[in-house]
Amino acid sequence: MRTVKLPSGEPVSAIGQGTWYMGDGKSEAAREVAALQLGIDLGMTLIDTAEMYADGGAERIVAQAVAGRRDQVFIVSKVYPYNASRSGVPAACERSLKRLNTDRIDLYLLHWRGSFPLSETVAAFEALRQAGKIRHWGVSNLDVADMEAIAGAPGGENCAANQVLYHPNSRGIEYDLLPWCDKRGVAIMAYSPLGHTTSRLLRSPALVAVAKRHGVTPAQVALAWGLRFPHVISIPKASDAGHVRENAAAIDVVLTAEDLAEIDATHRPPGRKQPLDLL
Ligand code: NAP
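Rules used throughout
Residues numbered from 1 in each chain as written. Predicted model: local features only at pLDDT ≥ 70, side-chain atom pairs only at ≥ 80, totals over all residues. Heavy atoms only, no water. Helix = DSSP H or I, 4+ residues; strand = E, 2+ residues; numbered from the N terminus. Rg over C-alpha atoms; globule rule 2.2 N^0.38 Å. Buried < 20%, exposed > 50% of the residue type's maximum accessible area, 1.4 Å probe, protein only. Contact = heavy atoms within 4.5 Å. Areas by Shrake-Rupley, 256 points an atom, 1.4 Å probe, with all protein chains shown as cover. Lys, Arg positive; Asp, Glu negative; His and termini not counted. Charge placed at Lys NZ, Arg CZ, Asp CG, Glu CD. Core = buried A, V, L, I, M, F, W, Y, C linked by side-chain atoms within 4.5 Å. 1 Å grid on protein atoms, 1.4 Å probe; cavity = no way out; pocket = protein on both sides within 12 Å on 5 of 7 lines; lining within 4 Å. Points joined across faces, edges and corners; volume = space filled by probe spheres on them. Nonpolar A, V, L, I, M, F, W, Y, C, P; charged D, E, K, R; others polar. Pairing = 2+ DSSP bridges. Right-handed = clockwise from strand over helix to strand, strands pointing away.

Visitor: I would appreciate a short explanation of the overall build of the protein in the present structure.
Guide: When its secondary structure is counted, the protein shows eleven helices and nine strands. Since a compact globule built from 279 residues should have a radius of gyration of about 19 Å, the 18 Å found for the protein is in line with a globular shape. Principal axes of the C-alpha set define a box for the protein whose edges measure 50 × 45 × 30 Å. Sorting the 279 residues of the protein into buried and exposed places 56% on the buried side. Put simply, 76% of the contacts in the protein that link residues at least 6 apart link residues at least 24 apart. Carbon and sulfur atoms make up 51% of the accessible area of the protein, which totals about 11,700 Å². Separation between the mean location of the 30 positive side-chain charges and that of the 30 negative ones in the protein comes to 1 Å.

Visitor: Would you mind showing me how to read the nonpolar core here?
Guide: Side chains of a nonpolar character, in soluble globular proteins, are inclined to be buried together. Counting residues in hydrophobic clusters, the biggest one holds 88 residues, and the most contacted among them are Y108, M147 and M189. With residues near it in sequence (within four places) discarded, M189 still touches L46, D48, V76, L107, L109, A161, N162, Q163, V164, I233 and I235.

Visitor: How should empty space enclosed by the protein be read in this particular structure?
Guide: A probe as big as a water molecule, rolled over the atoms, marks out the empty space that is left. On inspection of all chains with the given rule, the structure shows one cavity of 30 Å³ or more. Its boundaries defined by the atoms lining it, the largest cavity holds a volume of some 40 Å³. Along its surface, the largest cavity is lined by Q17, G18, M44, P236, K237, A238, V244 and N247. For the lining of the largest cavity, the per-class residue count stands at four nonpolar, three polar and one charged.

Visitor: For this particular structure, what's the right way to read the side chain of H231?
Guide: Among the structural elements, H231 can be located in the loop between α9 (218-226) and β9 (232-234). Given the relative accessible area of 10%, H231 is considered buried. With residues near it in sequence (within four places) discarded, H231 still touches V4, L178, C181, D182, V186, A187 and I188.

Visitor: Please clarify how the pairing of strand β8 (residues 187-191) should be interpreted in this entry.
Guide: Every regular strand shows the same layout, with side chains that alternate between the two sheet faces. Where burial is concerned, most of β8 is hidden: five out of the five residues are buried. With burial as the criterion, each face of β8 is covered, one bearing A187, M189 and Y191 and the other bearing I188 and A190. Where strand β7 (residues 159-165) and β8 come together, five bridges link them in parallel fashion. Paired with A161 across the two strands is A187, which belongs to β8. Assessed by its sense of winding, the connection that carries the chain from β7 through helix α6 (residues 177-184) to β8 is right-handed. Summarising the sheet, β8 and β9 pair through three bridges and their orientation is parallel. By the bridge assignment for β9, I188 is matched with V232.

Shown next as structure tokens:
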């Protein structure tokens, strides 16, 4: 598996695994745990979760998936904006640690901006980092102006990643946020890289044509497309073992200039600033 370096120099797998909607129903739990374990075996060792997902249920699924191999895995979780205060962050973190059955979160993100000042959330993250409860921190769904505010807060230079919506039908970040993060070494984590509900994106004639040329699937093309930037980490969610295998193998798909031009013709790159797209 190719890796992406965080600002600290620590490498993480370029393709990770999402967990939104995992932990929702007991009947699916064993299948979801098995999918994540297979993904780890195949090198997708970064796992993305959140206190929000299934009300903590997804974090419990992650705990089962990493049992006995915690040190091989890089766990990302997220705090709700309404918990993002000086006292709310450590309390939410403790609850997540308990559900994850671990003593540290590798990367802890603010899920989206709420009403607490960003500097307060950064101070809370920094305190957790110094206490060893989290190893890195970052943000999610923040556009350039908020990233500037983060960078200007005491400790803000330690922001490791910004997790944002990024796939061929949603590429506004290429105009300004992606280069902003690249310049400062902040990793971009591309969420919903398959378009969340995959039917529409994966039927795109451009993706289908490129996939045919490479003998791969449109999903693999969508992942390879996001990974053409060296500081982008992609986190597809898959509960199906076949999907997990496909996603891991997408690391070997290298798109040509011709492929990218064909994708651009249908999925136009941004020509001007666009409001940050989010789910
Ligand atoms: P996604 O990964 O773009 O798509 C997930 C869907 O794609 C599932 O229905 C999955 O089916 C299917 N799929 C997976 N691999 C496939 C393949 N190779 N071929 C065809 N279909 C495939 O959407 P997402 O779950 O919204 O995003 C990924 C992760 O990003 C989330 O799980 C979450 O961890 C994170 N996220 C973060 C935010 C945020 O605000 N920070 C927002 C959204 C998502 P099966 O499950 O049946 O395999």
